Amino acid sequence: MVDATRRPPSVDTILGMPAVAGIQDLFGRRLVKEAVRDVVRRHSTVDWTTGKGPALVETFCRRRMESGPRRVFNLTGTVLHTNLGRAPLSPAAIEAMMRVASGASALEYDLATGRRGNRAADVGHRLQRLTGAESALVVNNNAAAIMLLLNTLALRRQVPVSRGELVEIGGAFRMPAIMARAGARMVEVGTTNRTHLADYEEALGPGTGLLLKVHTSNYVIEGFTSAVEEAELARLARDHGVPFAVDLGSGALVDFSRWGLPREPVVAEVVAHGADLVTFSGDKLLGGPQAGIVVGRADLVGRMAANPMLRAMRPDKMTLAALDATLALYEDPDSLPRTLPGLSLLTRSAADIAREARDLESDLASALAPAFTAEVVPLESQIGSGAQPVTTLASAGFAIRPAASGRGSDRNLRELAAALRRLPRPVIGSLRGRTLFLDLRCLDDSDTFRAGLRELERP
Ligand SMILES: *Cc1c(COP(=O)(O)O)cnc(C)c1O
């Protein structure tokens, strides 16, 4: 006797089944045929007479028709996660992007004179007001801002930088490599843990193009340490007639410590300390789209704007619209924890997050039983994107472990993490040792999360 569930019917037979024919009306024969082949290959024993096989075919087709990066739940505990898109945008920024995306806009056009205008004029004025700087320039990201800065002000010239500040950000951004590609000659000064004003003084000479300070955003050097204050470096640079630039990394436009968050350097303060140029990202603490921002002295910003490289780094209309709308929120700083989603996430209380975890506990437990257990635990979130790498925010979430009596093993835990990533809206947790942690700080839609749990494949 032939076991019908063991030998799948031919692809053509399946395509002729009424349930599968209906899917072809939605997605076309070509895609459905590819889907059937895939399902037959991966699930040779699937039942085509019940809804199982057709459902897998439909899922395959839907996935293929989806475009762009998938929406996910970021339960990693890192709020501004670079691999997951960093800051969430405010509704105002999203609305602004849609407005310019769907038609013509006065992007680089002066409505008063009817002539060509400045691409980032509005954004520039806002940045000047918010930072106290004379001038501002926007490029695609902070890496581009630093590249443009070095190439404009220090081409074939020396740039002293402290050995304690030779950062690597996310693998591909390494200060020595960026310097070399920008055409600048890096001069290391001081030591890893201690750099003094005299070290910079010694390095300054007729070949110096620029003095650079890099905010050590994703690490801290602790113990017997010493670094030179910005104001002192600014004075030294001025005395030698060279510009002083600061790469702030995240850069905050307001002091976030007023909402109980760790203190990050505020751009306006660095400008007030005498920095000639300051660069920072648009999508880290600022809470806007990916962008690199340079503020500072008008003559230096003007030279950067005249560098032909700028054309290869200029932001598009949607970035400028979103950035302008984000900066507009800073005109009313008291409302920021409500209007800026990134800040709302960062200021969520651990008690609020724990309440949400307890609400979801039984749903999660029944989705995981009997192989795994889920326990509500206190957790520590990180800001991410190189802001305050060692300070954490009290949070809460789940610790998922193989059940002591069950068949859940460490390998199964990795499979469970993979199954969570296969959900309609993938859930990304963090696997540490023998525990899978889900930090609920950034859970922005608990209904969808709960619905997803019902579709979890039993590990
Ligand atoms: C994040 C960061 C960068 C790179 O910024 P992107 O916007 O990711 O290009 C450069 N320098 C520092 C100190 C940073 O923290």
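As a reminder, the structure under discussion sits directly above these lines.
The notes below deal with the structure included here. (Residues numbered from 1 in each chain as written. Predicted model: local features only at pLDDT ≥ 70, side-chain atom pairs only at ≥ 80, totals over all residues. Heavy atoms only, no water.)

**Some thoughts on the overall build of the protein chain**
Phase 1: Looking only at helices and strands, the protein chain has 18 helices and 17 strands in total.
Phase 2: With respect to the principal axes defined by its C-alpha atoms, the protein chain has extents near 95 × 60 × 40 Å.
Phase 3: Across the 459 residues that make up the protein chain, the buried fraction comes to 48%.
Phase 4: Considering only contacts in the protein chain between residues 6 or more positions apart, those separated by 24 or more positions represent 73%.
Phase 5: Carbon and sulfur atoms form 50% of the exposed surface of the protein chain, whose accessible area is close to 22,300 Å².
Phase 6: Positive and negative charge centroids in the protein chain, built from 56 and 51 side chains respectively, lie 7 Å apart. (Helix = DSSP H or I, 4+ residues; strand = E, 2+ residues; numbered from the N terminus. Buried < 20%, exposed > 50% of the residue type's maximum accessible area, 1.4 Å probe, protein only. Contact = heavy atoms within 4.5 Å. Areas by Shrake-Rupley, 256 points an atom, 1.4 Å probe, with all protein chains shown as cover. Lys, Arg positive; Asp, Glu negative; His and termini not counted. Charge placed at Lys NZ, Arg CZ, Asp CG, Glu CD.)

**Regarding the sheet that holds strand E13 (residues 372-381)**
Phase 1: The four strands lie next to each other as E13-E14-E17-E16, forming an open sheet whose pairing is antiparallel. In this open sheet, the two edge strands, each paired with only one partner strand, are E13 and strand E16 (430-432). The average undirected angle you get between the axes of adjacent strands in this sheet is 30 degrees.
Phase 2: With three bridges connecting them, E16 and strand E17 (residues 435-439) associate as antiparallel partners. Paired with Arg432 across the bridge in E17 is Thr435. (Pairing = 2+ DSSP bridges. Axes fitted to C-alpha atoms, helices over the stretch in contact; angles between N-to-C directions.)

**Topic: the site of the ligand**
Phase 1: Around the ligand, 13 residues are found, and the nearest of them are Ala143, Ser217, Asp247, Ser281 and Lys284.
Phase 2: Between the ligand and the protein, one listed contact pairs an oxygen atom with a side-chain N or O atom of Arg86 at 2.9 Å.
Phase 3: In this structure, Ala143 approaches the ligand through a main-chain N or O atom, which is 2.9 Å from an oxygen atom.
Phase 4: Every element with two or more residues in the shell around the ligand is listed here: helix H7 (142-153) and strand E10 (244-249).
Phase 5: Of all the elements, H7 adds the most residues to the shell around the ligand, at three residues.
Phase 6: Here the residues of the shell around the ligand are counted per class, giving four nonpolar, six polar and three charged. (Near = heavy atom within 4 Å. Polar contact = N/O pair within 3.5 Å; in protein donor to acceptor, adjacent residues only side chain to side chain. Nonpolar A, V, L, I, M, F, W, Y, C, P; charged D, E, K, R; others polar.)

**A few points about the nonpolar core**
Phase 1: Among the nonpolar cores identified, the biggest contains 53 residues, and Leu127, Val278, Phe280, Val295 and Tyr330 are the most heavily contacted of them.
Phase 2: Apart from residues no more than four positions distant in its own chain, Tyr330 is found in contact with Leu130, Leu253, Val254, Phe256, Leu285, Leu286, Leu336 and Leu340.
Phase 3: One finds Val159, Met179, Val214 and Ala245 within the second-largest nonpolar core, a separate group that totals 31 residues. (Core = buried A, V, L, I, M, F, W, Y, C linked by side-chain atoms within 4.5 Å.)

**Quick look at empty space enclosed by the protein**
Phase 1: Within the structure shown, the criterion is met by one cavity of 30 Å³ or more.
Phase 2: A volume near 40 Å³ is recorded for the largest cavity.
Phase 3: Taken together, Leu80, Ala87, Phe256, Lys284, Leu285, Gly287, Leu340, Gly342, Leu343 and Leu346 form the lining of the largest cavity.
Phase 4: In terms of residue class, the lining of the largest cavity is built from seven nonpolar, two polar and one charged. (1 Å grid on protein atoms, 1.4 Å probe; cavity = no way out; pocket = protein on both sides within 12 Å on 5 of 7 lines; lining within 4 Å. Points joined across faces, edges and corners; volume = space filled by probe spheres on them.)

**Topic: helix H4 (residues 52-65)**
Phase 1: Counted at 1.5 Å a residue, the expected span for H4 with its 14 residues is 20 Å, and the 20 Å between its end C-alpha atoms agrees.
Phase 2: All of the buried residues in H4 are Gly53, Pro54, Val57, Phe60 and Cys61. Buried residues along H4 cover an arc of 120 degrees about the axis, so they all sit on one side.
Phase 3: For H4, the elements touching its buried residues are helix H2 (18-27) and helix H3 (29-42). (Expected span 1.5 Å × (residues − 1). Arc of directions from axis to C-beta.)

**With respect to the packing of aromatic side chains**
What characterises a pair of aromatic rings is the spacing of the ring centres plus the angle enclosed by the ring planes.
Phase 1: Counted under the stated rule, the structure contains two aromatic pairs.
Phase 2: Taking 5.8 Å as the distance between ring centres and 90 degrees as the angle between the ring planes, the aromatic pair formed by Phe73 and Phe449 counts as edge-to-face. With Phe73 in strand E1 (residues 73-74) and Phe449 in helix H18 (residues 446-453), this pair connects stretches of sequence that are 376 residues apart. The pair Phe73 / Phe449 is uniform in exposure class, with both members buried.
Phase 3: Aromatic side chains Phe256 and Trp259 sit 6.0 Å apart centroid to centroid with 45 degrees between the ring planes, which places their arrangement in the tilted category.
Phase 4: Given the relative accessible area of 3%, Phe256 is considered buried. (Phe/Tyr/Trp six-rings, centres within 6.5 Å; stacked < 30°, edge-to-face > 60°.)

**Some remarks on the pattern of salt bridges**
Phase 1: As enumerated under the stated definition, the model contains 30 salt bridges in all.
Phase 2: The partner of Asp38 in a salt bridge is Arg41, with the nearest N and O atoms 3.0 Å apart. Highlighted residues: Asp38 and Arg41, both in helix H3, separated by three residues, approximately one helical turn.
Phase 3: By relative accessible area, Asp38 is classed as buried at 12%. (Salt bridge = Lys/Arg side-chain N within 4 Å of Asp/Glu carboxyl O.)

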